[in-house]
Amino acid sequence: MNIVKFAYYDEFRCSGPDCTDSCCKYWRIDISKSEYLDYKKMKCSDALKKAVDGAFKRKKDPTDFVYAEMRLKEDGSCFMLGGDSLCMLQKELGENALSLTCRVFPRLHMKVGKDTVTQSCSATCCRVTEILMEHPEGLRITEEEYDGKDYYINKDLFTLPRLAPDSKETAYYWIVLNTQIDVLQNRRFTVPERMLILGYFCQKAEEYIKNDEITKIASLSEMLLDQELCRKIVNSLTPTQSDKRIADSSVKILYKMSRTAQNSPSAFVSQSFGRIMGRLAVTAFSLGNNEPDIGFNAREYIKLTETFGKIMEERPYIIENLLVNLVFSQNIKDGVWYNYFALAVFYNTLKLCVPVFLKEEYTDKELASALTFAVKMVLNTNLAKSNVLVDSILRNKSTLPYAVFLIC
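Quick caveat: nothing in here was measured; it's all calculated off a predicted structure.

Would you mind showing me how to read the packing of aromatic side chains here?
Ring pairs (aromatic) are described by centroid distance and by the angle formed between their planes. All chains considered together, the criterion is met by 10 aromatic pairs. Ring-pair connections join several aromatic residues into one group, and the members of that group are Phe6, Tyr8 and Phe328.

So, in structure tokens, the structure goes:
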């Protein structure tokens, strides 16, 4: 068994009470039937028993694996979060008493083929984002033989969808993933330029896959080692449209996300989008059967993009690391091009939302929190891959030039 992981993976340690954005807030998680029954019959103090009794409710259509969900208090916190910002359950009974999700988070594990496991961490955890910010040299991937000591691997428990040995995607998984990371870490180009090159690769790779010509993906990957060719790709994709049209497309995507987020059970997500829509003064005018016409404060849009631009100018490796980290955990079964478009939506969210959560002067810790908030807005609700959102866009505007609007 081989383990392929980011070198930072072993650095992660929960910040506990020092965390600026607890994962025990604004996040409803599901638990299995066995976990639910164990909680109901466990021996514990009266205070913990009271917290546990109010913490769960059964699903309307429960299964053995998804049987109940954790409820939240009015302030969005877990019933078992104590006044010291620590989990009462873990303090009293230890880590093994936690649900699988709570034990694993923010670690991500995926089984690829017969004998490989990938390991990374989700940037929906503020400490993970801080770690990504601590690696200006870029994220390094390591490969090692499995030592047999990982509880979750031994229990055959994985937090990401498996890629079976006989899956058609297994045949091209590694060449696609390695090329995506190589492109995103190519510092001869700016981060937006790398996203354009990546879009070119993903669109062509998707064509080869659909035409059953996957052997051509390796040749395509090798072509992108030619820096002059990459420059030509960037120049051919640089938008010639006005800044206003680019802004219109960018805000329209964000507006669609905010509409989708209204159905989110997370108060954090809906409130955050409300804050951003308010900052941009977004208005929507119905045009009959067509998409609504979106109005917004253009000056505020420019201010937000200028703030993000400053981050990109001073420390572009931060956004690079966030993108590389996300690519590593994407489900290739969703489609190479589909994943790319979701990545472009993710980038657009960072571009417009991170500045909203920042003061004019901010510390690194505050920047990490702002980045984490934006990541959570997309990933905790799967908005970047929402069928309602992305499918509606890809159905009519599946071209790479349209994705460019979200990047530039």
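Honestly, the side chain of Ser167 in this entry has me stumped. Any pointers?
Looking at the secondary structure, you find Ser167 in the loop between helix H6 (151–154) and helix H7 (173–184). Taking relative accessible area as the criterion, Ser167 reaches 12% and is therefore assigned buried. Side chain to side chain, Ser167 and Glu169 meet in a polar contact 2.4 Å long.

When you look at the pattern of salt bridges in this model, what are you seeing that I'm missing?
Close approach of charged atoms lets side chains of opposite charge pair. All chains considered together, the criterion is met by 19 salt bridges. Between Lys59 and Asp30 there is a salt bridge, with the nearest N and O atoms lying 2.9 Å from each other. Within this pair, whereas Lys59 is found in the loop between strand E3 (56–58) and strand E4 (68–70), its partner Asp30 is found in strand E2 (residues 30–31), the two being separated by 29 residues in sequence. Its salt-bridge partner being Lys59, residue Glu69 comes within 3.1 Å of it at the nearest N-O pair. Remark: Lys59 occurs in the loop between E3 and E4 and Glu69 occurs in strand E4; sequence separation between them is 10 residues. A cluster of three or more residues bridged by salt bridges with shared partners is formed by Asp30, Lys57, Lys59 and Glu69.

For this particular structure, what's the right way to read the sheet that holds E4?
Strand order in this open sheet of three strands is E2-E4-E3, and the pairing throughout is antiparallel. Each edge of the open sheet carries a strand with a single partner, namely E2 and E3. Two elements, E2 and E4, share two bridges in a ladder whose sense is antiparallel. The partner of Ile31 across the bridge, within E4, is Ala68.

So what exactly am I meant to see when it comes to the packing of H7 against helix H8 (residues 191–210) here?
The angle between the axes and the distance between the axes are what describe a pair of packed helices. Where H7 meets H8, the closest approach of the two axes is 9 Å, and the angle between their N-to-C directions is 160°. Judged by the angle between their axes, H7 and H8 are roughly antiparallel. Handedness of the H7/H8 crossing: right-handed. In this structure, H7 contributes Val176, Thr179, Gln180, Val183 and Leu184 to the contact, and H8 contributes Arg194, Met195, Ile197, Leu198, Phe201 and Cys202. Here the contact of H7 with H8 is composed, by residue class, of eight nonpolar, two polar and one charged.

What's the story with H7 in this structure? I'm lost.
Helical geometry: 3.6 residues make up each α-helical turn, so side chains three or four residues apart lie on a common side. Helix length check: H7, at 12 residues, gives a terminal C-alpha distance of 17 Å against a target of 16 Å (1.5 Å per residue), a fit within 8%. Restricting attention to buried positions, one finds in H7 the residues Tyr173, Val176, Leu177, Thr179, Gln180, Ile181, Val183 and Leu184.

Looking at this structure, I do not really get the environment of Ala97. What am I missing?
Of note, Ala97 is situated in the loop between helix H3 (88–93) and helix H4 (100–104). Each C-alpha atom of the pair Ala97 and Asp38 lies 9.0 Å from the other, and the pair is 59 residues apart in sequence. Discounting residues that sit within four places of it in the chain, Ala97 has contacts with Tyr39 and Leu89.

For this particular structure, what's the right way to read unusual backbone geometry?
Negative phi values dominate among residues other than glycine, just as trans dominates among peptide bonds. The omega torsion of the bond from Phe105 to Pro106 falls at 5°, within 30 degrees of zero and hence cis. Phi is positive for Asp212, which is not a glycine, with a value near 55°. Note on Asp212: relative accessible area 68%, which makes it exposed. Here Ala281, not a glycine, exhibits a phi torsion of approximately 50°, which is positive. Within the element layout of this structure, Ala281 appears in the loop between helix H12 (267–279) and strand E8 (283–287).

What am I meant to see in the confidence of the model for the protein chain here?
Any region with low pLDDT has predicted coordinates that should not be read closely. Per-residue confidence for the protein chain averages 86 on the pLDDT scale, and 91% of its residues sit at or above 70. Within the protein chain, no element has a lower average pLDDT than helix H17 (residues 387–396), which sits at 53, and none a higher one than H7, at 97.

Before we go on, may I ask you to explain helix H2 (residues 46–53) in this structure?
For H2, the full list of buried residues reads Leu48, Ala51 and Val52. The arc that holds the buried residues of H2, viewed along the axis, is 95°, so those residues lie on one side. The outward face of H2, more than 90 degrees from its buried face, is lined by the exposed residues Asp46 and Lys50. Buried positions along H2 lie against helix H1 (33–41), E3 and H3.

What should I look at first to understand the pairing of strand E6 (residues 116–121) in this one?
On a regular strand, each side chain points to the face opposite its neighbour's, so the side chains alternate between the two faces of the sheet. Burial runs high along E6: six of the six residues are buried. Judged by which residues are buried, E6 turns out to be covered on both faces: Thr116, Thr118 and Ser120 on one side and Val117, Gln119 and Cys121 on the other are all buried. Here strand E1 (residues 2–6) pairs with E6 via four bridges, running parallel. Bridge assignment links Asn2 to a residue of E6, and that residue is Thr116. As paired strands, strand E5 (residues 107–112) and E6 are joined by six bridges and run antiparallel to one another. Residue pairing across strands places His109 opposite Gln119, the latter belonging to E6.

Sorry if this is basic, but what is going on with the environment of Lys210 here?
On the secondary structure map, Lys210 appears in helix H8. A relative accessible area of 66% means that Lys210 is categorised as exposed. Between the C-alpha atom of Lys210 and that of Leu72, which follows or precedes it by 138 residues, the distance is 44 Å.

Criteria and thresholds
- Residues numbered from 1 in each chain as written.
- Predicted model: local features only at pLDDT ≥ 70, side-chain atom pairs only at ≥ 80, totals over all residues.
- Heavy atoms only, no water.
- Phe/Tyr/Trp six-rings, centres within 6.5 Å; stacked < 30°, edge-to-face > 60°.
- Helix = DSSP H or I, 4+ residues; strand = E, 2+ residues; numbered from the N terminus.
- Buried < 20%, exposed > 50% of the residue type's maximum accessible area, 1.4 Å probe, protein only.
- Polar contact = N/O pair within 3.5 Å; in protein donor to acceptor, adjacent residues only side chain to side chain.
- Salt bridge = Lys/Arg side-chain N within 4 Å of Asp/Glu carboxyl O.
- Pairing = 2+ DSSP bridges.
- Axes fitted to C-alpha atoms, helices over the stretch in contact; angles between N-to-C directions.
- Parallel < 35°, antiparallel > 145°, perpendicular 65-115°, else oblique.
- Left-handed = near helix turned anticlockwise from the far one by under 90°.
- Contact = heavy atoms within 4.5 Å.
- Nonpolar A, V, L, I, M, F, W, Y, C, P; charged D, E, K, R; others polar.
- Expected span 1.5 Å × (residues − 1).
- pLDDT = per-residue confidence, 0-100.
- Arc of directions from axis to C-beta.

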